[in-house]
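Coordinate inspection notes
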4 protein chains.
Amino acid sequence: MRPMTHTIRDKQKLLARVRRIRGQVEAIERALDGEAGCEKVMHLISAVRGATNGLMAEVVEDHVRTHLVDSERHPGALNAEATDQLLDVVRTYLK
Amino acid sequence: MRPMTHTIRDKQKLLARVRRIRGQVEAIERALDGEAGCEKVMHLISAVRGATNGLMAEVVEDHVRTHLVDSERHPGALNAEATDQLLDVVRTYLK
Amino acid sequence: MRPMTHTIRDKQKLLARVRRIRGQVEAIERALDGEAGCEKVMHLISAVRGATNGLMAEVVEDHVRTHLVDSERHPGALNAEATDQLLDVVRTYLK
Amino acid sequence: MRPMTHTIRDKQKLLARVRRIRGQVEAIERALDGEAGCEKVMHLISAVRGATNGLMAEVVEDHVRTHLVDSERHPGALNAEATDQLLDVVRTYLK
């Protein structure tokens, strides 16, 4: 049996995140339906925003590490330090 | 027959927005499941963020107009111009 | 001798914040001029963004507490709890 | 006489942006000092935020195009399409 590839593990992790976000969106729907107060609704929306930013940060990281350089044709071409600096900025803005 | 109250109309409008966001989140799920490219996934996440910000802007506006002043006990106390200036800033930051 | 009014104290506090931001902007200028690396420059810009958001949060709070209701004509009309809930959301988005 | 290098032209462009931001910060200082209304001050702060985000987007772009791959050792290794997709997302979030 072949081990699960990197990509498929990533996909499962991302799917788990998206499903959690769907659950958070459904919680907003229930809160509105149940006439919850604005405070509760605003907190739930804020949680969706945080989780969506976290998902974006992860997809951007995958994109940078996987697609900016074709590592089979150009092994070692992606500068690890510069990549980390970029992703630090991305995470700061997606917090 | 009584006319639909302001609150219930607002609730329906907000629920419609939330359901649209749920549909957008499900589109991310399908895109990941179908091995769509990062670009597609990043666009879909960006759309959820925009829609979530729009929802927050609307809930904040309802909150400000409905709850900051009890208009039955203090009719006319909420300054309309200052409220508009506040909501302009909120919308700028939630774009 | 009259005590310093609330407004003037607020103004001094806001001016101190703005001057700190000016200093941070000048630090970006010096970093670029001195050929500092991107990482350093990105950190300095990120600091200006954080400080600018903090300034905005403070001005919005002053605006809400001072201008949404004319407290001389409508004493006690501004709902303290609803105001705090609003400002919590504002601060979350301006972090 | 040697032509101005790419880096030095970039530096001048970035310095011009930073000086414009410094001018915008000084305008906030004057507005506060001159007891301008909250609305004016909030607009000026919002302008600094926009300009700071624009500066960050430009520095991030320079960083990605210049440092993620050492183009002398690995010419052509940076995938142009994937880079554009990344920078599109960065710009969307820094608007």
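Refer to the structure presented above.
What you see is a predicted model; the values in this text were computed from it and never measured. (Residues numbered from 1 in each chain as written. Chains lettered and ligands numbered in written order. Predicted model: local features only at pLDDT ≥ 70, side-chain atom pairs only at ≥ 80, totals over all residues. Heavy atoms only, no water.)

Digging into the interface of chain A and chain B
Each partner contributes to the interface: chain A provides 29 residues, whereas chain B provides 29 residues. Between chain A and chain B the total buried area reaches about 2,800 Å² when both faces are included, carbon and sulfur atoms providing 76% of it. Connecting chain A to chain B are eight salt bridges. In this structure, A:Lys11 engages B:Asp33 in a salt bridge whose closest nitrogen and oxygen atoms are separated by 3.8 Å. Along the contact surface separating chain A from chain B lie eight residue pairs in polar contact (both at pLDDT 80 or more). When contributions to the side of chain A that touches chain B are tallied by element, the ones reaching two or more residues are α1 (6-33) and α2 (38-67) of chain A. (Contact = heavy atoms within 4.5 Å. Buried area = accessible area lost by both parts, 1.4 Å probe. Salt bridge = Lys/Arg side-chain N within 4 Å of Asp/Glu carboxyl O. Polar contact = N/O pair within 3.5 Å; in protein donor to acceptor, adjacent residues only side chain to side chain. Helix = DSSP H or I, 4+ residues; strand = E, 2+ residues; numbered from the N terminus.)

Describing the packing of helix α2 (residues 38-67) of chain C against helix α2 (residues 38-67) of chain D
Interaxial distance between α2(C) and α2(D) falls to 9 Å at its minimum, and their mutual angle equals 160°. When the axes of α2(C) and α2(D) are compared, the pair comes out roughly antiparallel. α2(D) is crossed by α2(C), and the crossing has left-handed handedness. (Axes fitted to C-alpha atoms, helices over the stretch in contact; angles between N-to-C directions. Parallel < 35°, antiparallel > 145°, perpendicular 65-115°, else oblique. Left-handed = near helix turned anticlockwise from the far one by under 90°.)

Structural notes on helix α3 (residues 80-93) of chain B
Residues and elements named next belong to chain B. For α3, spanning 14 residues, the distance from its first C-alpha to its last is 20 Å, which sits close to the expected 20 Å at 1.5 Å a residue. Along α3, the residues that are buried comprise Ala 82, Thr 83, Gln 85, Leu 86, Leu 87, Val 89, Val 90 and Tyr 93. Between the side-chain oxygen at the start of α3 and the backbone nitrogen of Glu 81 there is a gap of 3.0 Å, and the oxygen is on Asn 79. (Expected span 1.5 Å × (residues − 1). Buried < 20%, exposed > 50% of the residue type's maximum accessible area, 1.4 Å probe, protein only.)

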